[in-house]
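# Working through the structure, step by step
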Amino acid sequence: QVQLVESGGGLVQPGGSLRLSCAASGGTISIAVMGWYRQAPGKQRELVATITQGGSTNYADSVKGRFTISRDNAENTVYLQMNSLKPEDTAVYYCNAKYTLLRVIDYWGQGTQVTVSS
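Our subject in this report is the structure included herewith. Just so you know, these numbers come straight off a predicted model, no measurement behind them. (Residues numbered from 1 in each chain as written. Predicted model: local features only at pLDDT ≥ 70, side-chain atom pairs only at ≥ 80, totals over all residues. Heavy atoms only, no water.)

### As for the environment of V5
Defined as follows: Only DSSP runs of H or I covering at least 4 residues are called helices, and only runs of E covering at least 2 are called strands; the numbering of each starts at the N terminus.
Within the fold, V5 resides in strand β1 (residues 3–7). Taking C-alpha positions, V5 is 21 Å from G55, a pair spaced 50 residues apart along the chain.

In structure tokens form, the structure reads like this:
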């Protein structure tokens, strides 16, 4: 069983930056596609960014050019660097690990709150 723990959320002013971390335990992330998702109040959870085992990245259009996902397999950790934050980025951010073995297995963290407000 893989456990994911997010950290780094908080309150930041518009235009500011935050770096989220997702530390995994109970399994290696090196064979997983890792991702960050977010859910704002009253809205569905949406994809923010993903990174494959080989390091290929994919971003939601709304965050392209502002957010960067990265992974450190040695540290079993995934990061999300968020720059030029906007109020519409306010949400709970969740880390996801997707393992494709005989079937797809998803693991989720508990989420970390990001609030962008002046």
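### Structural notes on unusual backbone geometry
The phi torsion at N76 lies on the positive side, around 55°, for a residue other than glycine. Along the polypeptide, N76 turns up in the loop between β7 (67–72) and β8 (77–82). Phi is positive for S84, which is not a glycine, with a value near 50°. Mapped onto the secondary structure, S84 falls in the loop between β8 and β9 (91–100).

### What to know about a nonpolar patch on the surface
To be explicit about the condition: In this analysis, a patch consists of residues with relative accessible area above 30% that form no salt bridge, clustered at 9 Å for like charges and at 5 Å for the nonpolar side chains Val, Leu, Ile, Met, Phe, Trp and Tyr. Using a 1.4 Å probe, the Shrake-Rupley method yields the accessible areas, and only the shown protein chains count as cover for residues. Whenever Lys or Arg places a side-chain nitrogen within 4 Å of a carboxyl oxygen from Asp or Glu, that contact is recorded as a salt bridge.
Taken together, the side chains of I31, L101 and L102 present a nonpolar region at the surface, about 390 Å² in accessible area. For I31, the position within the fold is in the loop between β3 (18–25) and β4 (33–39).

### Focus: the sheet that holds β8
Here is the rule we go by: Two strands form a pair only when DSSP identifies at least two bridges running between them. Here the axes come from fitting lines to C-alpha atoms, over the contacting stretch only for helices, and the angles between their N-to-C directions go from 0 to 180 degrees.
Strand order in the open sheet formed by four strands is β1-β3-β8-β7, and the pairing between neighbours is antiparallel. Every other strand in the sheet has two partners, leaving β1 and β7 as the edge strands with one partner each. Direction aside, neighbouring strands of the sheet carry axes that sit 15° apart on average. Pairing of β7 with β8, which is carried by six bridges, proceeds in the antiparallel orientation.

### A look at the pairing of strand β10 (residues 104–108)
With five bridges joining them, β9 and β10 adopt antiparallel strand pairing. Considered in β10, the bridge of K98 is made with D106. Linking two consecutive strands that pair antiparallel, namely β9 and β10, is a turn of three residues.

### Comments concerning the side chain of T77
Stated precisely, the cut-off is as follows: Working definition: with a 1.4 Å probe on protein chains only, accessible area under 20% of the residue-type maximum means buried, over 50% means exposed, and in between means partly exposed. Pairs of N or O atoms are called polar contacts if they sit within 3.5 Å, as long as, within protein, a hydrogen donor faces a hydrogen acceptor (for residues adjacent in sequence, only side-chain-to-side-chain pairs). Here, residues are in contact when the closest pair of their heavy atoms is within 4.5 Å.
Turning to its location among the elements, T77 is positioned in strand β8. Note on T77: relative accessible area 10%, which makes it buried. At 2.9 Å, the side chain of T77 forms a polar contact with the backbone oxygen of E75. Those residues within four positions of T77 in sequence are excluded, and the remaining contacts are S21, C22, A23, I29, R71 and D72.

### Let's talk about the environment of S21
Looking at the element boundaries, S21 is found in strand β3. As a C-alpha pair, S21 and S56 span 35 residues in sequence and 18 Å in three-dimensional space. Among residues more than four places away in sequence, those in contact with S21 are V5, E6, S7, W36, T77, V78 and Y79.

By themselves, these are just geometric observations and shouldn't be taken as functional.
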